[in-house]
Amino acid sequence: MLPLIIIVLAVAILTIGYIVYGGWLSKQWGIDPERVTPAVELADGIDYVATPPAVLMGHHFASIAGVGPINGPIQASVFGWVPVFIWCVLGGIFVGGVHDYGSLLASVRHGGKSIGEVIGSTMGPRVKKLFLVFALLVLMLVVASFVNVVAGTFYSSEGVTGFVTNPTGNQSTATISCLFLLVALAYSILTNRIGLHLGPATILGILGIIISIIIGVNFGFSMGRTGWIIVLALYIFAASLAPVWILLQPRDYLSSFLLYSMMGIAVLGVMFTNFTRTAEFHIPAFNGMKTNLGYLFPTLFITVACGACSGFHSLVSTGTSSKQLRREDDARVIGYGAMLVESALAVLALIAVGMVFDRYVAGEFGSPSVAFASGVAIMFGVETSGIYRIIYALITLAASTFALTSLDTGTRLGRFMISELFLREGEATYKDAKGIRQVLAHPLFGTMVMVIMGCFVGGLSLSQIWSLFGAANQLLAGVALMAVAAWLGELGKNNKMFFAPMGFMLVVTITSLLTIIVDKIRGLLNGTLEGAMWGHWFQLIFATGMVVMALILVKEGFNKFREQRKSGT
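Okay, so let's go over this structure. Only a predicted model underlies this, so the values are computations on that prediction, with no experimental measurement involved.

Secondary structure summary: the chain contains 22 helices and 4 strands in total. Whereas a compact globule of 569 residues would reach a radius of gyration of roughly 25 Å, the chain reaches 22 Å, a difference of no more than 12%. Expressed as lengths along the three principal axes of its C-alpha atoms, the size of the chain is roughly 70 × 60 × 50 Å. Restricting the contact set of the chain to residue pairs at least 6 apart, pairs at least 24 apart contribute 84%. For the chain, the computed accessible surface area is about 21400 Å², with 68% contributed by carbon and sulfur atoms.

Following this line, the structure appears as structure tokens:
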């Protein structure tokens with residue numbers, strides 16, 4: 001009964017939050033459905049494309065979700081289900097939702113430009129450049145993390161390269177994911193070139209996904225981890241440069257049905273096991289202030305990450321979604337609504353791991369995503385049953401698909417920001433720049449930098465990347481909250497709803513990064529660190545650089561707030 005109570009309570013609170021608090025935010029910020037959006041005003045058929053809300057929701061949700069709201073809550077579950085539940089639900093409503101909605105609106109009001117441009121408009125070009133460097137470092141970790149996750153989901157340890165029958169789960173997932181890209185390309189041609197309406201095209205796209213799954217279950221492709229990293233590098237290089245309508249929009253829209261289905265299956269599993277007792281929920285309500293992960297503060301808030309708040313969301317909102325928003329009043333469902341759905345997914349992940357919690361903490365599963373798939377599948381039957389194997393395969397496919405969407409979206413966002421970094425005031429594209437800046441601002445250069453650095457760092461172990469990613473990602477959220485608050489203050493709008501979330505995220509993340517720095521220094525001096533030594537030095541240098549840049553940005557932000565208070569804005 002407890003899992004059913006948990007999910008019903010979560011959905012009820014999140015729904016009330018969307019209607020009441022989300023509606024109040026819209027009024028405070030002056031949402032205007034008649035205002036022309038950048039997608040309409042600056043339409044170019046490549047990045048600026050006015051998109052139906054259902055399609056844009058698919059892209060946005062698929063891009064921000066990834067495996068973060070699955071991995072984070074499952075790892076944090078060792079603290080107990082109550083603190084994770086509270087942070088996912090209340091954090092989503094009052095922190096993550098405000099962050100995502102505010103970032104999206106600020107970008108729309110700045111011509112679809114990044115959060116760096118928002119900072120530049122209120123705090124000046126020097127602070128903007130510093131923020132862009134800061135955000136690019138976070139994006140590098142995003143790309144590295146998901147290269148690691150996807151390659152780990154695809155690769156086969158047998159050392160065989162080529163097509164195989166009777167494939168393993170990884171081989172099937174790799175094959176289905178590759179076929180899925182072909183389905184997305186076909187969908188884009190049908191809708192954008194042949195003119196097929198959304199409804200019939202969606203039905204054909206879903207049929208294509210089903211056929212891909214049937215093929216992948218029976219025939220697989222085997223390749224080693226390094227080989228898949230090279231393939232992923234080539235893929236994200238091409239995908240980040242292609243017009244959004246060719247692959248980004250259709251793939252994310254169709255893949256969103258996988259995510260919705262995954263969530264629907266999980267809910268059905270909770271209901272089924274509630275009445276049949278096929279599985280039992282074993283997570284304690286509260287497991288103490290200290291676990292093997294560390295102290296509840298700040299570890300819980302860093303580890304849950306995307307399930308409650310994520311700085312990466314501000315980069316998606318201001319990098320791709322704001323350039324596709326057809327009407328300004330769509331921003332509430334795209335920005336605020338998608339975040340709350342992600343919080344619901346995080347709660348489902350918490351329930352799923354509760355079904356296999358003893359095995360999870362014993363280290364039986366290779367990753368949190370595998371524990372999630374097993375937890376959902378076991379609600380329907382024992383592991384030797386056919387229904388278990390089918391559901392396990394579907395959940396694993398959905399998780400890997402969303403890691404892939406975050407991967408190429410992150411690369412595209414990095415490409416935008418590198419161009420902005422080298423453009424001067426009044427220069428719209430790399431063509432307007434002069435000399436070497438024209439080369440550095442070129443989309444090809446930015447894409448190459450993101451792909452090379454992301455895949456190189458992606459060679460580290462996931463544990464080495466994820467600890468940095470969580471802290472840096474949440475620190476970015478604190479800075480983005482500060483940026484939007486400063487912009488609203490300049491307009492004379494109510495920005496007080498940003499101050500508490502901003503302060504909390506900054507304190508949590510800087511504390512976490514300082515802990516990493518101290519631990520790495522102590523380990524390097526004592527010689528107690530295991531694994532690639534360059535990886536530990538990378539963590540130390542990266543964490544130190546992030547703290548220094550964040551403190552500078554925070555100082556500039558608080559100076560701006562002081563100016564606004566004195567001037568009465």
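Resuming the write-up.
Another point: the pattern of salt bridges. Counting across every chain of the model gives 13 salt bridges. Between Arg126 and Glu556 there is a salt bridge, and its shortest N-O distance comes to 2.5 Å. Residue Arg126 is located in helix H7 (residues 125-154), and its partner Glu556 is located in helix H22 (residues 533-567); the two are separated by 430 residues in the primary sequence. The exposure class assigned to Arg126 is exposed, which follows from its relative accessible area of 55%. Of the residues examined, Glu556 reaches a relative accessible area of 18% and is grouped as buried.

Attention shifts here to the environment of Tyr235. Structurally, the position occupied by Tyr235 is in helix H10 (residues 225-241). Spatially, the C-alpha atom of Tyr235 lies 8.1 Å from that of Asp408, the residues being 173 residues apart in sequence. In this structure Tyr235 touches Leu181, Leu247, Arg251, Leu404 and Asp408, once residues within four positions along its chain are discounted.

Take the side chain of Arg415 next. With respect to the element layout, Arg415 can be found in helix H17 (residues 386-422). Residue contacts for Arg415: discarding those within four places in its chain leaves Asp47, Ser240, Leu241, Pro443, Gly446, Thr447 and Met450.

Across all of its chains, the model carries 24 aromatic pairs by this definition. Between the aromatic rings of Phe163 and Phe221, the centroid separation amounts to 5.1 Å while the plane-to-plane angle is 70°, which identifies the pairing as edge-to-face. Of the two residues, Phe163 sits in strand S1 (residues 162-165) while Phe221 sits in strand S2 (residues 219-222), which places them 58 residues apart along the sequence. Between Phe538 and Phe542, the ring centres sit 5.5 Å apart and the planes meet at 45°, which makes this aromatic pair tilted. Placement of the pair is Phe538 and Phe542 together in helix H22, with a separation of 4 residues, close to one helical turn. Both residues of the pair, Phe538 and Phe542, count as buried. Geometry around Tyr18 places Arg332 over its ring, the cationic atom sitting 4.5 Å from the centre.

What follows deals with unusual backbone geometry. Along the chain, Phe297 connects to Pro298 via a cis peptide bond; the corresponding omega equals 10°. Take Pro298: it is sitting in helix H12 (residues 296-304). If you check the backbone angles, Ala305 has positive phi at about 50° while not being a glycine. Following the sequence through the fold, Ala305 ends up in the loop between H12 and helix H13 (311-319).

One can describe the packing of H7 onto H10 by two numbers: an axis separation of 9 Å at closest approach and a directional angle of 130°. As the angle between them shows, H7 and H10 are arranged oblique. Crossing geometry of H7 relative to H10 is assigned as right-handed. Every residue of H10 that contacts H7 at Val143, Val147, Asn148, Val150, Ala151 and Phe154 is listed here: Arg225, Trp228, Ile229, Leu232 and Ile236.

Right, let's talk about a positive patch on the surface for a bit. Taken together, the side chains of Lys555, Arg562, Arg565 and Lys566 present a region of like positive charge at the surface. Structurally, the position occupied by Lys555 is in helix H22.

Below, the discussion takes up the environment of Ala151. Note on placement: Ala151 falls in helix H7. Along the sequence, Ala151 and Pro200 sit 49 residues apart, while their C-alpha atoms lie 34 Å from each other. Discounting residues that sit within four places of it in the chain, Ala151 has contacts with Arg225, Trp228, Ile229 and Leu232.

If you trace the backbone, Glu342 turns up in helix H14 (residues 331-354). Here Glu342 is buried and forms no salt bridge, its nearest opposite-charge partner Arg251 lying at an N-O distance of 14 Å. Beyond its immediate sequence surroundings of up to four residues, Glu342 is in contact with Phe61, Ile64, Ala65, Pro69, Cys306 and His313.

Here we come to the packing of helix H5 (residues 81-108) against helix H21 (residues 499-526). In the contact formed by H5 and H21, the axes pass within 10 Å of each other and the chain directions differ by 125°. Comparing their axes, H21 and H5 come out oblique. Listed contacts from H21 to Trp87, Phe94 and Val95 of H5 are Pro501, Phe504 and Met505. A class-by-class count of the residues in the contact of H5 with H21 yields 6 nonpolar, no polar and no charged.

Further remarks concern the pairing of S2. Residues Gly220 and Ser222 line the buried face of S2, whereas the alternating positions Phe219 and Phe221 sit on a face that is not buried. Pairing analysis gives 4 bridges linking S1 to S2, with the strands arranged antiparallel. Bridge assignment links Gly162 to a residue of S2, and that residue is Ser222.

Over its 29 residues, helix H11 (residues 248-276) extends 41 Å from the first C-alpha to the last, a length consistent with the 42 Å expected when each residue adds 1.5 Å. Looking one or two places after H11, you find Arg277, whose phi comes out positive at around 60°.

For the structure on display, the rule yields 0 disulfides. Its sulfur unpaired, Cys306 is 9.1 Å from the next cysteine sulfur, which belongs to Cys309.

A separate point is the environment of Phe558. On the secondary structure map, Phe558 appears in helix H22. By relative accessible area, Phe558 is classed as partly exposed at 40%. Sequence-wise, Phe558 and Ser322 are 236 residues apart; in three dimensions their C-alpha atoms are separated by 27 Å.

Let us now look at a nonpolar patch on the surface. Where nonpolar side chains cluster on the molecular surface, the patch consists of Ile203, Leu204, Ile206, Leu207, Ile210 and Ile214 and spans about 530 Å² of accessible area. Considering the arrangement of structural elements, one finds Ile210 in helix H9 (residues 198-218). Ile210 gets classed as partly exposed once you look at its relative accessible area, which sits at 43%.

About the criteria used
Residues numbered from 1 in each chain as written. Predicted model: local features only at pLDDT ≥ 70, side-chain atom pairs only at ≥ 80, totals over all residues. Heavy atoms only, no water. Helix = DSSP H or I, 4+ residues; strand = E, 2+ residues; numbered from the N terminus. Rg over C-alpha atoms; globule rule 2.2 N^0.38 Å. Contact = heavy atoms within 4.5 Å. Areas by Shrake-Rupley, 256 points an atom, 1.4 Å probe, with all protein chains shown as cover. Salt bridge = Lys/Arg side-chain N within 4 Å of Asp/Glu carboxyl O. Buried < 20%, exposed > 50% of the residue type's maximum accessible area, 1.4 Å probe, protein only. Phe/Tyr/Trp six-rings, centres within 6.5 Å; stacked < 30°, edge-to-face > 60°. Lys NZ or Arg CZ within 6 Å of the ring centre and 35° of its normal. Axes fitted to C-alpha atoms, helices over the stretch in contact; angles between N-to-C directions. Parallel < 35°, antiparallel > 145°, perpendicular 65-115°, else oblique. Left-handed = near helix turned anticlockwise from the far one by under 90°. Patch = residues over 30% accessible without salt bridge, like charges linked within 9 Å, V, L, I, M, F, W, Y side chains within 5 Å. Lys, Arg positive; Asp, Glu negative; His and termini not counted. Charge placed at Lys NZ, Arg CZ, Asp CG, Glu CD. Nonpolar A, V, L, I, M, F, W, Y, C, P; charged D, E, K, R; others polar. Pairing = 2+ DSSP bridges. Expected span 1.5 Å × (residues − 1). Disulfide = S-S within 2.5 Å.

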